[in-house]
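# Results of the structural survey
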Amino acid sequence: MKYTEEHEWLDSDGAVVTVGITEHAATQLGDVVFIELPEVGREVKKGEEIVVIESVKAASDIQSPLDGEIVEVNEALADNPGLVNEDAEAAWFFRMTSPTAEDEMGAMMDEDAYKEFVED
Amino acid sequence: MVPFAGYAMPVQFRGVMPEHLHVRERAGLFDVSHMGQVVVRGEGAATALERLLPVSVEGIAEGRQRYALLTLPDGGVADDLMVANRGDHMLLVVNGAMKHADMDILRADLPEHEVTLLEDRALLALQGPEAEDALAALVPDVRAMRFMDVATHRWQDADLWISRSGYTGEDGFEISVPLAHAEPLARALLAHDAVEPIGLGARDSLRLEAGMPLYGQDLTPEITPVEAGLGWALQKVRRRGGAREGGFPGADRILAELENGPARTRVGLRPEGRAPMRQGTMLYADPEAAEPVGTVTSGGFGPTVGAPVAMGYVPAGTTGTLWGDVRGKRLPVAVADLPFHQPRYKR
């Protein structure tokens, strides 16, 4: 598992990268009431806002952590957005393929580094 | 904590959703000391205030309060407030962000009266079905108070100025307390099993479900009280044909709108999907329309309703379905009655 400064977690099986938000981010957001997911097949750029999360407090965006293509989204979140608050590490948002995944993820924070990042 | 009107205010303690639900089920304590408490003292203060407020101030019996609006010459709203008759003075409770502007208006227009913005009292709100039990544990006499009563009750060696009112749609109290006693009183209330501290986030979602306007969003200098659906606050005696008709800023426009109806009105809005429609969402008559017909002025998720709720301005008479532009998509939203949550006051 790798982590971004935007509080996303990335899990790669070598071909496909699964992306979600961290427990820390879910706690900061508060109770999630609505999630808008990208369309499967969409070509995305790193940094592009592709998911909208609305909590009781406010709307936030999630950016694509990589250049690539969305290959699957977690439809269960659309029906039950509260899953993010119940278990953020299990409530994945989308899966993507990316030609640069291996290189980019190599430079991302591991769990210990992310914990330090959040504490600072 | 966020800055607001010169105060550091908590957005949430345990979380907006659980805090909101706790107020509806038990009782919540809000620190609303940022609000302005203004004493108007002197012979004929009630009569003089009718030059500024379109409500029957003379008709407020001692020990009672009433919702009122500070109007502008063109009919817009400078602030909304509570005005109480406390015997030897009138007490106004005004919005924190507007209190200094309100003081300028009050001082200019009431030169023969003593107008004082109190700096030595805090304001706590205790709201929810168990608010009476929690406050009565400290001040037993509050059980006898009815909705919109005001009274002074002694706690320890302090005079508490208590009103049975609030901004949540629940039964409850607002308690003006000398600064030195504010923290001890807050701690004593929080020690009650039913009471939790509540932040600004839940204060906003509670008042939204209760259909209450927020000054600066749903009420502004560009919106008249009649457009805002607050005509009920203007008693007959101040309307056309009444014994003390008009005589307040904007009376011509406001009284005409009361008789003929306004061009636009504040309505409730129920987005049909799950996506909240927040402040600033433009409303369209159909999915392709080029020009909007209205705007959302407050919107979010209603924890008690269990769905997104909003309020906004649309042409008078609009019913049925409108389309809100949410991030470039037109989503259906039903025009609905306010409030979304029926108030439970002790009348």
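This text gives an overview of the structure that appears in the document. (Residues numbered from 1 in each chain as written. Chains lettered and ligands numbered in written order. Predicted model: local features only at pLDDT ≥ 70, side-chain atom pairs only at ≥ 80, totals over all residues. Heavy atoms only, no water.)

Secondary structure assignment for chain A yields five helices and nine strands. Counted from the first residue to the last, chain A has its helices and strands arranged as β-β-β-α-β-β-β-β-β-α-α-β-α-α. The C-alpha radius of gyration computed for chain A amounts to 13 Å, which stays within 12% of the reference 14 Å derived for 120 residues, consistent with globular compactness. In terms of overall dimensions, chain A has a C-alpha envelope of 35 × 35 × 20 Å along the principal axes. Sorting the 120 residues of chain A into buried and exposed places 43% on the buried side. Considering only intrachain contacts with a sequence separation of at least 6, the fraction spanning at least 24 residues in chain A is 59%. If you sum the accessible surface of chain A, you get close to 6,000 Å²; carbon and sulfur atoms cover 43% of it. With 7 positive and 31 negative side-chain charges, chain A shows a separation of 3 Å between the mean positions of the two kinds. (Helix = DSSP H or I, 4+ residues; strand = E, 2+ residues; numbered from the N terminus. Rg over C-alpha atoms; globule rule 2.2 N^0.38 Å. Buried < 20%, exposed > 50% of the residue type's maximum accessible area, 1.4 Å probe, protein only. Contact = heavy atoms within 4.5 Å. Areas by Shrake-Rupley, 256 points an atom, 1.4 Å probe, with all protein chains shown as cover. Lys, Arg positive; Asp, Glu negative; His and termini not counted. Charge placed at Lys NZ, Arg CZ, Asp CG, Glu CD.)

Glancing now at the side chain of Glu170 of chain B. Residues and elements named next belong to chain B. In this fold, Glu170 is placed in the loop between β11 (158-163) and β12 (172-178). Classification of Glu170 as buried rests on a relative accessible area of 2%. Within the local environment of Glu170, its side chain forms a polar contact with the side chain of Arg344, the two groups lying 3.0 Å apart. Excluding residues that lie within four positions of it along the chain, Glu170 makes contacts with Val23, Arg24, Gln127, Gly128, Pro129, His341, Arg344 and Tyr345. (Polar contact = N/O pair within 3.5 Å; in protein donor to acceptor, adjacent residues only side chain to side chain.)

The next thing to look at is the sheet that holds strand β14 (residues 264-271) of chain B. All names here are of chain B. Taken together, six strands build a closed barrel; the order of strands is β14-β17-β16-β15-β18-β19 and the barrel is antiparallel. Here the average twist between neighbouring strands, direction ignored, is 45°. Relative to strand β19 (residues 329-336), β14 runs antiparallel, the two sharing four bridges. Bridge pairing links Arg270 to Ala334 in β19. Contacting β16 (294-302) and β17 (307-315), helix α6 (residues 200-209) runs over the sheet at an angle of about 115° to β16. (Pairing = 2+ DSSP bridges. Axes fitted to C-alpha atoms, helices over the stretch in contact; angles between N-to-C directions.)

Moving on to helix α5 (residues 179-190) of chain B. All names here are of chain B. An ideal rise of 1.5 Å per residue puts 16 Å on twelve residues; α5 measures up with 17 Å between its terminal C-alpha atoms. Within the span of α5, buried status applies to His181, Ala182, Leu185, Ala186 and Leu189. Across the axial projection of α5, the buried residues extend over an arc of 140°, all falling on one side. In α5, the exposed positions that point more than 90 degrees away from the buried face belong to Ala180 and Arg187. (Expected span 1.5 Å × (residues − 1). Arc of directions from axis to C-beta.)

Attention shifts here to the packing of aromatic side chains. Counted by the stated rule, this structure contains four aromatic pairs over all chains. Ring centres 4.0 Å apart and planes at 5° place the aromatic pair Phe147 of chain B and Tyr345 of chain B in the stacked group. Separated by 198 residues along the polypeptide, Phe147 of chain B in the loop between α4 (131-136) and β10 (150-155) and Tyr345 of chain B in the segment after β19 bring together distant segments of the chain. The exposure class assigned to Tyr345 of chain B is partly exposed, which follows from its relative accessible area of 21%. Here the aromatic cluster, defined as three or more aromatic residues joined through ring pairs, consists of Tyr3, Tyr114 and Phe117 of chain A. The aromatic ring of Trp161 of chain B is capped on one face by Arg121 of chain B, whose charged end is 3.8 Å from the ring centroid. One cation-aromatic arrangement involves Arg330 of chain B over Tyr284 of chain B; the distance from NZ or CZ to the ring centre is 3.5 Å. (Phe/Tyr/Trp six-rings, centres within 6.5 Å; stacked < 30°, edge-to-face > 60°. Lys NZ or Arg CZ within 6 Å of the ring centre and 35° of its normal.)

Time to look at the sheet that holds β11 of chain B. Residue and element names in this part refer to chain B. Sheet architecture is open: six strands sit in the order β10-β11-β12-β9-β3-β13, paired in mixed fashion. The open sheet is flanked by β10 and β13 (195-197), the only strands paired with a single partner. Across the sheet, the mean angle from the axis of one strand to that of its neighbour is 30°, orientation sign disregarded. Examined bridge by bridge, strand β3 (residues 27-31) and strand β9 (residues 121-127) share four bridges and lie antiparallel to one another.

Turning to the pairing of β17 of chain B, a few remarks are in order. Residues and elements named next belong to chain B. With respect to burial, β17 is a largely interior element, eight of its nine residues being buried. Bridging between β14 and β17 involves six bridges; their strand directions are antiparallel. Following the sheet pairing, Gly268 is matched in β17 by Met311. One ladder, built from seven bridges, connects β16 with β17; its direction is antiparallel. Following the sheet pairing, Gly299 is matched in β17 by Ala310.

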